[in-house]
Amino acid sequence: MKAVIFDFDGTLADTLPNCFVAFQTVFKKFDDKDLTVDEIKEMFGPSETGIIRENLLNDKKEEAIELYYEEYLENHNRLVESNNEIIEMIRFLKEKRIKVGIVTGKARRSLDISLKALQMDGLFEAIITGDDVVHPKPHPEGVLKALSFLEVESDKSIFVGDSDADIEAGLHANVLTAGVNWLSNGQTVEFSISPDYMFGHVNDLITYIEKGVQSEL
């Protein structure tokens, strides 16, 4: 294993509650619409800016986008807790000389807010956001771009995520896939597309990597 590529929301950080609140604020203010969490999840795919541009009825889309980021930043420390186990896992991978990357549907702006707030900035060799692709997950474009940046072959890589779209994107990119439900607010409890591996705890990924390292000795 030469590279581990992660989804972000619900995989590396428990940021989904913050996303939901920000979206609910935006759609209530501009469309007078009370969205449920499930209704917001159904919009997932494009970045936050894409979601607002595609689904908001009000013409003031740019103003709505700015409000989203204001809400996301303002509520981040209140709604999103730092996870030391996740950070230690990433450091473990780097110590094993395994490259780490992110492929997320988030926009670069919100991802940067989260990485800085959670003290995770500077840990990743490749970051592909929703702003960097034409086709969002489940299309494999983002994963393939990350592999290119990391200069790692697909058969030596694994994509780790919390949604069916993550697993499908990994399968289409011909990498190994791992479904995770190690955070409280992951998107998927039961995957309809079977990943190669299921990790219920951060330590499960560490154990998987350690077994691979030992088999090479």
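See above for the structure.
Let us look at the structure shown here. Values in this document were obtained by computation on a predicted structure and should not be read as measured data.

Cut-offs applied
- Residues numbered from 1 in each chain as written.
- Predicted model: local features only at pLDDT ≥ 70, side-chain atom pairs only at ≥ 80, totals over all residues.
- Heavy atoms only, no water.
- Helix = DSSP H or I, 4+ residues; strand = E, 2+ residues; numbered from the N terminus.
- Axes fitted to C-alpha atoms, helices over the stretch in contact; angles between N-to-C directions.
- Parallel < 35°, antiparallel > 145°, perpendicular 65-115°, else oblique.
- Left-handed = near helix turned anticlockwise from the far one by under 90°.
- Contact = heavy atoms within 4.5 Å.
- Phe/Tyr/Trp six-rings, centres within 6.5 Å; stacked < 30°, edge-to-face > 60°.
- Buried < 20%, exposed > 50% of the residue type's maximum accessible area, 1.4 Å probe, protein only.

### Quick look at unusual backbone geometry
The omega angle of the peptide bond from Lys137 to Pro138 is 20 degrees, so this bond is cis rather than trans. For Pro138, the location among the structural elements is in the loop between β3 (126-128) and α7 (141-150). Even without a glycine there, the phi angle at Asp32 is positive, about 50 degrees. Here Asp32 shows up in the loop between α1 (16-31) and α2 (37-43).

### A short note on the packing of α1 against helix α3 (residues 48-55)
In the contact formed by α1 and α3, the axes pass within 12 Å of each other and the chain directions differ by 25 degrees. In terms of orientation, α1 lies roughly parallel with respect to α3. At the point where α1 passes α3, the crossing takes the right-handed sense. Facing Phe23, Val26, Phe27 and Asp31 of α1, the residues of α3 in contact are Glu48, Ile51, Ile52 and Asn55.

### A word on the packing of aromatic side chains
Per the counting criterion, the structure on display carries 7 aromatic pairs. Here the aromatic rings of Phe23 and Tyr68 are separated by 4.6 Å at their centres, their planes lie at 45 degrees, and the arrangement is tilted. Here Tyr68 lies in helix α4 (residues 61-79) and Phe23 lies in helix α1, a separation of 45 residues in the sequence. Each member of the pair, Phe23 together with Tyr68, is buried. Look at Tyr197 and Tyr208: their rings are 4.7 Å apart centre to centre, the planes differ by 55 degrees, and that puts the pair in the tilted class. Highlighted residues: Tyr197 in strand β6 (residues 197-199) and Tyr208 in helix α9 (residues 202-216), separated in sequence by 11 residues. Of the residues examined, Tyr197 reaches a relative accessible area of 31% and is grouped as partly exposed. Classification of Tyr208 by relative accessible area gives buried; the value is 17%.

### Some details on the environment of Leu35
Mapped onto the elements, Leu35 comes out in the loop between α1 and α2. The spacing of Leu35 and Asn203 is 168 residues in sequence and 35 Å in space, taken between C-alpha atoms. In contact with Leu35, not counting residues within four places along its chain, are Gln24, Phe27, Ile40 and Met43.

### Brief notes about the environment of Ala64
Its place among the elements puts Ala64 in helix α4. Note on Ala64: relative accessible area 0%, which makes it buried. The spatial distance from the C-alpha of Ala64 to the C-alpha of Ser184 is 28 Å, given a sequence separation of 120 residues.

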